[in-house]
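In case you want the letters, here they are:
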Amino acid sequence: MPLFEDAPSQSQTDVPWQLLSGYLSSKQQQLLWQEAAHFPFSRPELTVFGKQHAIPRTQAWFADAGCDYLYSGLMIRALPWPHYLARLCQQLNQEFQLQLNGVLVNHYANGQEKMGWHSDDEPELMPQSTIASVSLGAARDFDIRHKQSGEKHRIALAAGDLLLMRWPMQRDWQHALPSRAKITDARLNFTFRQIVPFYHQP
Ligand SMILES: O=C(O)CCC(=O)C(=O)O
Ligand SMILES: [Fe+2]
């Protein structure tokens, strides 16, 4: 019997995220990657401290009707679901008993493209809902830090991995995708979310 079996370190048991490595089959990865080649990615300009900046990645938002997303002051209308993405959403909902109804797709052309520290805590997200993050393409580090204590974790997200971010992750922690100068391959990330329908059109 291994030593310390009943006393795993705090960081392994008490964190609100769960990594399921190799969740997608290679066939599923291939179909999603091909489908995403036709997605209408855009690079919105955000206003930060009064200055306009193009985001360092491109993105697309797909969701059920009425699930528009106000993202850093930009209203993103829901586009209808592509076929394989819809199937993956259904699979996640069934397997983990979730009610995900939208997905933000982020495309990182190479290691220069990134995402800064944030929590996904927009008001149109269903309170206490889970976010399911699926990655394709280049493996990238994903950083997580606790808002109060500053405790840090780094996990690598590789092609086909699923990261479940459960409540209270977005309340207590921030996350980021740091740049990696040596990475030349593209990466896709899908964060499936549960939106309160018609939040922006009462
Ligand atoms: O690309 C990633 O792994 C993270 C994406 C993310 O945090 C987000 O879309 O909110
Ligand atoms: Fe996020």
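Residues numbered from 1 in each chain as written. Chains lettered and ligands numbered in written order. Predicted model: local features only at pLDDT ≥ 70, side-chain atom pairs only at ≥ 80, totals over all residues. Heavy atoms only, no water.

- For the protein chain, an unreviewed UniProt entry supplies the name 2OG-Fe(II) oxygenase and the organism Shewanella mangrovi.
- We quote the UniProt Cofactor (unreviewed entry) comment for the protein chain here in full: "Fe(2+)". (UniProt positions renumbered as here; feature names shortened; annotations may be inferred.)

## Considering the sheet that holds strand 9 (residues 131–137)
Whether parallel or antiparallel, the strands of a sheet pair through hydrogen bonds between backbone atoms.
Part 1 of the reasoning: Strands sit in the order 1-12-9-14-7-4 across an open sheet of 6 strands; the sheet is antiparallel. Across the chains shown, the open sheet's two edge strands, defined by having one partner strand only, are strand 1 (17–20) and strand 4 (58–63). The mean inter-strand angle of the sheet, taken between neighbouring strand axes irrespective of direction, is 15°.
Part 2 of the reasoning: The pairing of strand 4 with strand 7 (residues 102–108) spans 6 bridges and is antiparallel. Note on strand 7: the bridge partner recorded for alanine 63 is glycine 102.
Part 3 of the reasoning: Set on the sheet, helix 2 (residues 26–36) makes contact with strand 9 and strand 14 (187–193); between it and strand 9 the angle comes to about 85°.
Part 4 of the reasoning: Lying over the sheet, helix 3 (residues 83–96) contacts strand 1, strand 4, strand 7, strand 9, strand 12 (162–165) and strand 14, oriented at roughly 50° with respect to strand 14. (Pairing = 2+ DSSP bridges. Helix = DSSP H or I, 4+ residues; strand = E, 2+ residues; numbered from the N terminus. Axes fitted to C-alpha atoms, helices over the stretch in contact; angles between N-to-C directions. Contact = heavy atoms within 4.5 Å.)

## Details of the packing of aromatic side chains
Part 1 of the reasoning: By the definition in use, this model includes 6 aromatic pairs.
Part 2 of the reasoning: Taking 6.0 Å as the distance between ring centres and 45° as the angle between the ring planes, the aromatic pair formed by tyrosine 23 and phenylalanine 96 counts as tilted. One end of the pair, tyrosine 23, is in the loop between strand 1 and helix 2; the other, phenylalanine 96, is in helix 3, with 73 residues separating them in the sequence.
Part 3 of the reasoning: Note on phenylalanine 96: relative accessible area 17%, which makes it buried.
Part 4 of the reasoning: Between tryptophan 61 and tyrosine 69, the aromatic rings sit 4.7 Å apart at their centres with planes inclined by 35°, giving tilted as the arrangement.
Part 5 of the reasoning: An aromatic cluster is defined as three or more aromatic residues linked by ring pairs; in this entry it consists of Phe39, Phe41 and Phe62.
Part 6 of the reasoning: Sitting over the ring of tyrosine 108, arginine 140 keeps its end group 5.7 Å from the ring centre. (Phe/Tyr/Trp six-rings, centres within 6.5 Å; stacked < 30°, edge-to-face > 60°. Buried < 20%, exposed > 50% of the residue type's maximum accessible area, 1.4 Å probe, protein only. Lys NZ or Arg CZ within 6 Å of the ring centre and 35° of its normal.)

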